[in-house]
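Commentary on secondary and tertiary structure
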Amino acid sequence: MTAGKVIKCKAAVAWEAGKPLVIEEVEVAPPQKHEVRLKILFTALCHTDVYFWEAKGQNPLFPRIFGHEAGGVVESVGEGVTELQPGDHVLPVFTGECKECIHCKSEESNMCDLLRINTDRGEYTVAHVGSVAKINPAAPLDKVCVLSCGICTGFGATVNVAKPKKGSSVAIFGLGAVGLAAAEGARVSGASRIIGVDLNPNRFEEAKKFGVNEFVNPKDHNKPVQEVIAEMTNGGVDRSVECTGSIQAMISAFECVHDGWGVAVLVGVPNKDDSFKTHPMNFLNERTLKGTFYGNYKPRTDLPGVVEKYMNKELEVDKFITHSVPFSEINKAFEYMLAGQGIRCIIRMEH
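Residues numbered from 1 in each chain as written. Predicted model: local features only at pLDDT ≥ 70, side-chain atom pairs only at ≥ 80, totals over all residues. Heavy atoms only, no water.

Time to look at the overall build of the chain. Secondary structure assignment for the chain yields ten helices and 16 strands. Its C-alpha atoms give the chain a radius of gyration of 20 Å, near enough to 20 Å, the size a compact globule of 351 residues would have. Overall size of the chain, expressed as C-alpha extent along the three principal axes, is 65 × 40 × 40 Å. Going through the 351 residues of the chain one by one, you find that 50% of them count as buried. (Helix = DSSP H or I, 4+ residues; strand = E, 2+ residues; numbered from the N terminus. Rg over C-alpha atoms; globule rule 2.2 N^0.38 Å. Buried < 20%, exposed > 50% of the residue type's maximum accessible area, 1.4 Å probe, protein only.)

Here we take up the pairing of strand S15 (residues 321-326). Here five bridges tie S15 to strand S16 (residues 344-348), and the two strands are oriented parallel to one another. Looking across to S16, one finds that isoleucine 321 is bridged to arginine 344. Following the chain from S15 across helix H10 (residues 330-338) to the adjacent parallel S16, one finds a crossover that is right-handed. (Pairing = 2+ DSSP bridges. Right-handed = clockwise from strand over helix to strand, strands pointing away.)

Let us look at the packing of helix H3 (residues 150-162) against helix H4 (residues 177-188). Look at H3 against H4: their axes get within 7 Å of each other, and the N-to-C directions meet at 40°. Between H3 and H4, the crossing angle belongs to the class labelled oblique. In terms of crossing hand, the pair formed by H3 and H4 is right-handed. In this structure, H3 contributes Gly150, Ile151, Thr153, Gly154, Phe155, Thr158 and Val159 to the contact, and H4 contributes Ala177, Val178, Ala181, Ala182, Glu184, Gly185, Ala186 and Val188. Of the residues that constitute the contact of H3 with H4, the class distribution is nine nonpolar, five polar and one charged. (Axes fitted to C-alpha atoms, helices over the stretch in contact; angles between N-to-C directions. Parallel < 35°, antiparallel > 145°, perpendicular 65-115°, else oblique. Left-handed = near helix turned anticlockwise from the far one by under 90°. Contact = heavy atoms within 4.5 Å. Nonpolar A, V, L, I, M, F, W, Y, C, P; charged D, E, K, R; others polar.)

A word on the UniProt feature "domain: Alcohol dehydrogenase-like C-terminal" (unreviewed entry) in the chain. This chain's UniProt record puts "domain: Alcohol dehydrogenase-like C-terminal" (unreviewed entry) on residues 177-308. The distance separating the terminal C-alpha atoms of residues 177-308 is 21 Å; by composition the span is 36% helix and 15% strand. (UniProt positions renumbered as here; feature names shortened; annotations may be inferred.)

Below, the discussion takes up the environment of phenylalanine 334. If you trace the backbone, phenylalanine 334 turns up in helix H10. As a C-alpha pair, phenylalanine 334 and aspartate 49 span 285 residues in sequence and 9.0 Å in three-dimensional space.

Let us now look at the side chain of aspartate 198. One can find aspartate 198 in the loop between strand S10 (193-197) and helix H5 (203-207). Taking relative accessible area as the criterion, aspartate 198 reaches 8% and is therefore assigned buried.

Bringing the sheet that holds strand S11 (residues 214-216) into the picture now. Taken together, the six strands give an open sheet; going across it, the order is S11-S10-S9-S12-S13-S14, and neighbouring strands pair in parallel fashion. In this open sheet, the two edge strands, each paired with only one partner strand, are S11 and strand S14 (288-291). Across the sheet, the mean angle separating the axes of adjacent strands is 20° when strand polarity is ignored. Two elements, strand S13 (residues 263-266) and S14, share four bridges in a ladder whose sense is parallel. Its bridge partner lying in S14, leucine 266 is registered against glycine 291. Packing of H3 onto the sheet brings it into contact with strand S12 (239-242), S13 and S14, and relative to S12 it is tilted by some 145°. Packed onto the sheet, helix H7 (residues 247-255) meets strand S9 (169-173), S12, S13 and S14 and runs at close to 170° relative to S12.

For the peptide bond that leads from phenylalanine 62 to proline 63, omega is -5°, which places it in the cis range. Here proline 63 lies in the loop between helix H1 (47-53) and strand S4 (64-65). Unlike most non-glycine residues, lysine 99 shows phi in positive territory, near 75°. Backbone geometry places asparagine 234, a non-glycine residue, at a positive phi of 60°. Tracing the sequence through the fold places asparagine 234 in the loop between helix H6 (225-232) and S12. A relative accessible area of 69% places asparagine 234 in the exposed class.

A few words on H10. Here H10 has its buried residues at Ile330, Ala333, Phe334 and Met337. The arc enclosing the buried residues of H10, seen along the axis, measures out at 100°, which places them on a common side. Looking at the buried residues of H10, the elements they touch are strand S1 (7-14), strand S2 (22-28), H1, S15 and S16. Backbone geometry just after H10 places glycine 340 at a positive phi near 70°. (Arc of directions from axis to C-beta.)

Put into structure tokens, the structure is as follows:
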């Protein structure tokens, strides 16, 4: 039995920014009060991992063990944990849901006061119970692990926040994994025009599988892309979802929605010193600008239901997974992402 004891396991350690990860033996402490220790079986590389590996985030922290989009089983639980037990199949989530704070008690917010993301904390395989969602043990962890971050972030931004109506038009800025998930949300919502906006023309073909039926590359035009979209759509799209973190894309996403009813949703994470400006008349002309965090999903309350949608074939997940590598070849996953190859790469931990 390993419960209550320090255990040794393998981890991919980033010793410095931008350098290949090194497989090392590490010690993992037993869970403390309200914590659980997880045996990670599958993880997927998320662009946020690369962002911090390249030291673009706030306060670069090294050495560091990355990884947050994952699936596994509970190995042991700490004092006071009653809702999880060893053997439960779970998805760890980078944010959390304590179920006690003003945000968790609100039907409108998922910004938990206790467990909202804090990138200065570093990451551990021991997690607070509020950041772990118990799911159907029949769900394949090598597939549903991608729901613990990027896919829910994009899909939820569309279905929970933008809420496009059937037959409406939607512009998606950025066609990486999160943007494609946002497009998938528009597709299942019944949007008839889904316009993909991206600087990489190679992404357009793949995006068709996710419902994108029109494409705009800002580099192909000598005027702002919001003007191009407004001309294409007789005044602007009904909804837009920005998934790049680029300030220019945020401005374009807001200014390309139709006056009177248009809603733009910001998803992408900006650099720490970024700010943007737009004319106040864009608001006075009844355009709405919103932001979202993890697609407005409450991790413990909502994520099990998203997994059930996958199990009931109401949500396609497999098409997001384009590569798979063993843990020993984790650096290949970084190479794929840096080269813009594929969407999600699953890393098989192979215990």
